[in-house]
Amino acid sequence: MPVLDRQDDVYVLDLGDGENRFHPDWISAVEAALDEVEKAEGPRALVTTATGKFYSNGLDLDWLFAHADQHMDYVVSVHALFARLLSLPVVTVAALQGHTFAAGAMFSLAHDFRVMRADRGFWCLPEADIDIPFTPGMSALIQSRLAPRTAHEAMVTARRYGGHDALAAGIVDHAVDEDAVRTTALGLAQPLAAKAGDTLATIRTRMYAPALAALRDTDDPLG
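Basis of the calculations
Numbers given to residues run from 1 along each chain, matching the order in which its sequence is written. Only residues with pLDDT of at least 70 get local features here, since the model is predicted, and only at 80 or more are side-chain atom pairs given and counted; chain-wide, interface and lining totals rely on the full set of residues. Side-chain measures were taken over the full set of non-hydrogen atoms in the model, leaving aside hydrogen atoms and water. Here, a strand pair is defined by DSSP locating no fewer than two bridges between the strands. Numbering of helices and strands starts at the N terminus; helices are DSSP runs of H or I of at least 4 residues and strands are runs of E of at least 2. Note on terminology: a nonpolar core comprises buried Ala, Val, Leu, Ile, Met, Phe, Trp, Tyr and Cys residues joined through side-chain atoms within 4.5 Å. Only protein chains enter the accessibility calculation, which uses a 1.4 Å probe. A residue is then buried if its area is under 20% of the maximum for its type, exposed if over 50%, and partly exposed in between. Throughout, a residue-residue contact means that at least one pair of heavy atoms, one from each residue, lies within 4.5 Å. Only the stretch in contact is used when a helix axis is fitted, and all axes are lines through C-alpha atoms; the angle between N-to-C directions ranges over 0 to 180 degrees. Angle categories: roughly parallel below 35 degrees, roughly antiparallel above 145, roughly perpendicular from 65 to 115, and oblique for all the rest. Rotating anticlockwise by less than a right angle from the far helix to the near helix defines a left-handed crossing, while the corresponding clockwise rotation defines a right-handed one. Residues are grouped as follows: Ala, Val, Leu, Ile, Met, Phe, Trp, Tyr, Cys and Pro are nonpolar; Asp, Glu, Lys and Arg are charged; all remaining types, including Gly, are polar.

Moving on, we come to the sheet that holds strand β4 (residues 54–56). One open sheet accounts for four strands, arranged β4-β6-β8-β9; its pairing is mixed. Of all strands in the sheet, those bounded by a partner on one side alone are β4 and β9 (160–161).

This is how it looks when you write it as C-alpha cells:
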C-alpha cells in the first residue's frame, strides 16, 4: 500500500511494491496522502514513485470485473484522483522507476514533471490492444499533457515507450540511470517547493479547465 514520507520540503509518496493497481483501497490511501500534503503549511512539493518492477499497472481489472455493479462509481473515483493531482496546489514530480501502464501512465501525466528510468521499463497506453476505450475524461487528460502527435501515437497504436523514446516524444522530462530516478525527481521538486499555495492551484485550474471539467463530470463519465 502507498506510504508517505517527507525529505525536507518534499513529500515522497511510494505507491507500493507490487503492480500498484487502482484498487479502491489503494485509491483511498493515495487520496489520504494527498490530503496530508495539501493541508500542510509552508513550502512543499510532492514526488511519487514506487518500489520494484512497476510504478503502476493501471486499473484493477480483476476487482472491476468482480464488482461490475460498481463500475460507474469506480470510474468516477479514478477520474477524481486524476483531477485531484492535476489541480494540487504543490509542484508534483513522478519518478518512474518501473513499468507505467494504462491508468498508471495517465496518473503520471497528471504530474508536472516525469523522470523515467532509461535502461528498463515501459510507459504505455495499451487501451487499443485490450479493447477498453478511453473515457472522455481520460482522453482530455492525455491530450492536455502531450503534444498532439504524441498523444495520437500513444493512444491509437498502444506503443510501448522506453525511457529514451519517452524523452524524445516529450512524455517524460528526464531519462536517467536506475539509481538516479528518485534523486533526479527530488532535485526537480525541492527548488519549486516555495511555489506551493492557492495561486499555483488557481493557475492549474485555469490552465487545465477543459480536462478538469471532463474528469469531474459525474453525470456521464463514460461518455
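On to the nonpolar core. If you look at the biggest cluster of nonpolar residues, it comprises 55 residues, and the most contacted ones within it are F22, L46, F82, F107, W123, L125 and I142. If near-sequence neighbours (up to four positions away) are discounted, W123 is found in contact with L96, T100, A105, S108, L109, M116, L146, A154, R159, R160, Y161 and I171. Core analysis: the second largest hydrophobic core is formed by 14 residues, A45, V93, A95 and A189 among them.

Another point: the packing of helix α1 (residues 24–39) against helix α3 (residues 71–86). Two quantities define a packed helix pair, namely the angle between the helix axes and the distance between the axes. Contact geometry for α1 and α3: axes closest at 11 Å, N-to-C directions at 25°. Considering their axes alone, α1 and α3 lie roughly parallel with respect to each other. By crossing handedness, the relation of α1 to α3 is classed as left-handed. Between α1, through P24, W26, I27, V30, E31, L34, D35 and E38, and α3, the contact on the second element is made entirely by Y74, S77, V78, A80, L81, R84 and L85. Per-class residue counts for the contact of α1 with α3 are 10 nonpolar, one polar and four charged.

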